[in-house]
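The residues making up each chain are set out below.
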Amino acid sequence: TPPADLGAPSSGSLGRPPVPDDPLVVLSGVNKHFGPLHVLRDIDLTIHRGEVVIVIGPSGSGKSTLCRTINRLETYETGTITIDGEPLPEEGKALARLRADVGMVFQSFNLFAHKTILENVTLGPTKVRRVGAAEARTRAMELLERVGVAHQAEKYPAQLSGGQQQRVAIARALAMDPKVILFDEPTSALDPEMINEVLDVMTDLARDGMTMVVVTHEMGFARKAANRVVFMADGQVVETGTPTEFFTNPRSERAKDFLGKIL
Ligand code: ADP
Ligand code: MG
């Protein structure tokens, strides 16, 4: 089998400085089953602070499970996962803090339907981070401004387009001052004309130095924003490389086959 994790990341093509070798999320020998299905197999993966890692691979290869496991929305059986040197907590306040440190943006937006856009963004900081209401509101409005939906702050999620809702979901994750944000196919549920408005926000975050793990089929975004591409198949990290290495010269047959189908 090829080496799963080649270590030092590249700088990507957004004109950012090179990412230092500063491990933030470290998975080591992680295995997970759903019943008889071995869905994560011996995953060794290090996400460095400031790094943008794109995860691609066929449907069912374990990409969502990988994200959910890092955020402890799923348990795992063997191996270790650390965030900033700390093992993943199992429950209670520490787990709530972990979920704040490790933001997640889902394919289906997952906003709170009965709360306003502004409340969606202030809820986490006030409840989990113990930020005061006025400060949380000011910061939320700044973030909504940044993602271009400040004028919708008093509306409810269903009154916004999918692209706007997803930008709110990104603002909500950012409001927690996360150490890393996991994006699981954030544009897959969007109408085509809304994909770019979300990718533009994500590109902006990447340029700003946010640590990001992005499961996506948007290869243009991957080429532009990624420090590193991780290719998964059948629950394994089959190959990792810089976007240029991976897209122009994939090493594994699985990756060649996959790229042949999508490019
Ligand atoms: P991907 O995101 O790469 O499409 P997933 O992580 O969603 O893959 O799924 C990996 C495998 O695990 C698939 O075979 C899927 O059917 C299975 N799976 C995912 N979630 C569950 C679950 N909660 N229970 C049982 N099987 C699951
Ligand atoms: Mg998935």
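Residues numbered from 1 in each chain as written. Chains lettered and ligands numbered in written order. Predicted model: local features only at pLDDT ≥ 70, side-chain atom pairs only at ≥ 80, totals over all residues. Heavy atoms only, no water.

Condition: UniProt positions are given in the numbering used here, feature names are shortened, and annotations may be inferred rather than shown by experiment.
The name given to the protein chain in an unreviewed UniProt entry is ABC-type polar-amino-acid transporter, with the source organism recorded as Auraticoccus monumenti. Its UniProt record gives the protein chain the following Sequence similarities (unreviewed entry) comment, quoted word for word: "Belongs to the ABC transporter superfamily." One UniProt comment on the protein chain, placed under Catalytic activity (unreviewed entry), says "a polar amino acid(out) + ATP + H2O = a polar amino acid(in) + ADP + phosphate + H(+)".

**What about the sheet that holds strand β1 (residues 23-34)?**
Stated formally: Here a strand pair is declared whenever DSSP counts at least two bridges between the two strands. To qualify as a helix, a DSSP run of H or I must reach at least 4 residues; to qualify as a strand, a run of E must reach at least 2; elements of each kind are numbered from the N terminus.
As summarised here, the arrangement of the four strands in space is β2-β1-β4-β5, forming an open sheet in which the pairing is antiparallel. What marks the edges here is a single partner per strand, and that holds for β2 (37-48) and β5 (86-87).

**Details of the UniProt feature "domain: ABC transporter" (unreviewed entry) in the protein chain**
As annotated in UniProt, the feature "domain: ABC transporter" (unreviewed entry) corresponds to residues 25-259 in the numbering used here. Across residues 25-259 one finds 40% helix and 26% strand; the C-alpha atoms that close the span lie 27 Å apart.

**Topic: the environment of L123**
Stated precisely, the cut-off is as follows: Contacts between residues were defined by any pair of non-hydrogen atoms, one from each residue, lying within 4.5 Å.
Position of L123 among the secondary structure elements: in helix α3 (residues 117-127). The contacts of L123, once residues within four sequence positions are left out, are F112 and K115.

**Description of the nonpolar core**
Condition: The nonpolar core is taken to be a set of buried Ala, Val, Leu, Ile, Met, Phe, Trp, Tyr and Cys residues, with the residues joined through side-chain atoms within 4.5 Å. Summary of the burial criterion: residues with accessible area below 20% of their type's maximum are buried, those above 50% are exposed, and those between are partly exposed, where the area comes from a 1.4 Å probe applied to protein chains only.
Of all hydrophobic cores here, the largest spans 53 residues; its most connected members are I56, L144, I170, F183, M202 and M212. Looking at this core element by element, the count peaks at eight residues for helix α6 (residues 192-207). Setting aside chain neighbours within four positions, we find I56 in contact with K63, T216, M219, V229, V230, F231, M232, F246, F247 and F258. Counting 27 residues, the second-largest nonpolar core is a separate cluster that includes V25, L40, L98 and V180.

**A short note on a positive patch on the surface**
Formally: Patches were defined on residues exceeding 30% relative accessible area and lacking a salt bridge, with like-charge contacts within 9 Å and nonpolar side-chain contacts (Val, Leu, Ile, Met, Phe, Trp, Tyr) within 5 Å. A 1.4 Å probe and the Shrake-Rupley method give the accessible areas. Residues count as covered only by the protein chains that appear here. The term salt bridge refers to a pairing of a side-chain nitrogen on Lys or Arg with a carboxyl oxygen on Asp or Glu at a separation within 4 Å. Counting rule for charge: Lys and Arg are taken as positive, Asp and Glu as negative, and neither His nor the chain ends is counted. Charge coordinates come from a single atom per side chain, which is NZ of Lys, CZ of Arg, CG of Asp or CD of Glu.
A grouping of K93, R97, K115, K127 and R130 is seen on the molecular surface, where their side chains present a positively charged patch. With respect to the secondary-structure elements, K115 resides in the loop between β6 (102-105) and α3. Among the residues examined, K115 registers a relative accessible area of 32% and is labelled partly exposed.

**Here we look at the sheet that holds strand β8 (residues 212-215)**
To keep it simple, the criterion reads: To obtain an axis, a line is fitted to C-alpha atoms, over the contacting stretch when the element is a helix, and the angle between two such axes runs from 0 to 180 degrees between their N-to-C directions.
Strand order in the open sheet formed by six strands is β6-β7-β8-β3-β9-β10, and the pairing between neighbours is mixed. Of all strands in the sheet, those with a lone pairing partner are β6 and β10 (236-241), marking the two edges. Strand-to-strand, the axes of this sheet are offset by a mean angle of 20 degrees, without reference to chain direction. Pairing between strand β3 (residues 52-56) and strand β9 (residues 228-233): four bridges, direction parallel. Each bridged residue has a counterpart across the sheet, and for V55 the counterpart in β9 is V230. Together, β3, β9 and β10 form the strand contacts of helix α9 (residues 253-262), whose direction differs from that of β9 by roughly 100 degrees.

**Here we look at the packing of α3 against helix α4 (residues 133-146)**
Selection criterion: Here the angle decides the label: under 35 degrees means roughly parallel, over 145 means roughly antiparallel, 65 to 115 means roughly perpendicular, and every other value means oblique. Should the near helix be turned anticlockwise from the far one by less than a right angle, the crossing is left-handed, and should it be turned clockwise, the crossing is right-handed. Three classes are used, and their members are as follows: Ala, Val, Leu, Ile, Met, Phe, Trp, Tyr, Cys and Pro are nonpolar, Asp, Glu, Lys and Arg are charged, and the others, Gly among them, are polar.
Following both chains from N to C, one finds α3 and α4 inclined at 125 degrees, their axes separated by 9 Å at the closest point. Considering the angle they form, α3 stands oblique to α4. Our pair here, α3 against α4, has a crossing hand that is right-handed. Of α4, the residues touching α3 (which contributes I117, L118, V121, T122, P125 and T126) are A133, A136, R137, A140, M141 and L144. Of the residues in the contact of α3 with α4, the class split is nine nonpolar, two polar and one charged.

**Comments concerning the site of ligand 1**
Formally: The near set for a molecule or strand comprises every residue that places at least one heavy atom within 4 Å of it. N or O atoms within 3.5 Å of each other form a polar contact, as long as, within protein, one can give a hydrogen and the other can take it, and as long as residues adjacent in sequence are counted only when both atoms are side-chain atoms.
Near ligand 1 you find F34, L37, V39, P58, S59, G60, S61, G62, K63, S64 and T65, and these make up its full shell. Here an oxygen atom of ligand 1 and a backbone polar atom of S61 are 3.1 Å apart. The separation between an oxygen atom of ligand 1 and a polar main-chain atom of S64 is 2.9 Å. Surface burial for ligand 1 is 58%, taken as the share of its 560 Å² of free accessible area covered by protein chains.

**Quick word on helix α2 (residues 92-101)**
Along α2, the positions that sit buried rather than exposed are L95, L98, A100 and D101. On its buried face, α2 is in contact with α1 (63-70), β4 (78-83), β6 and β7 (180-184).

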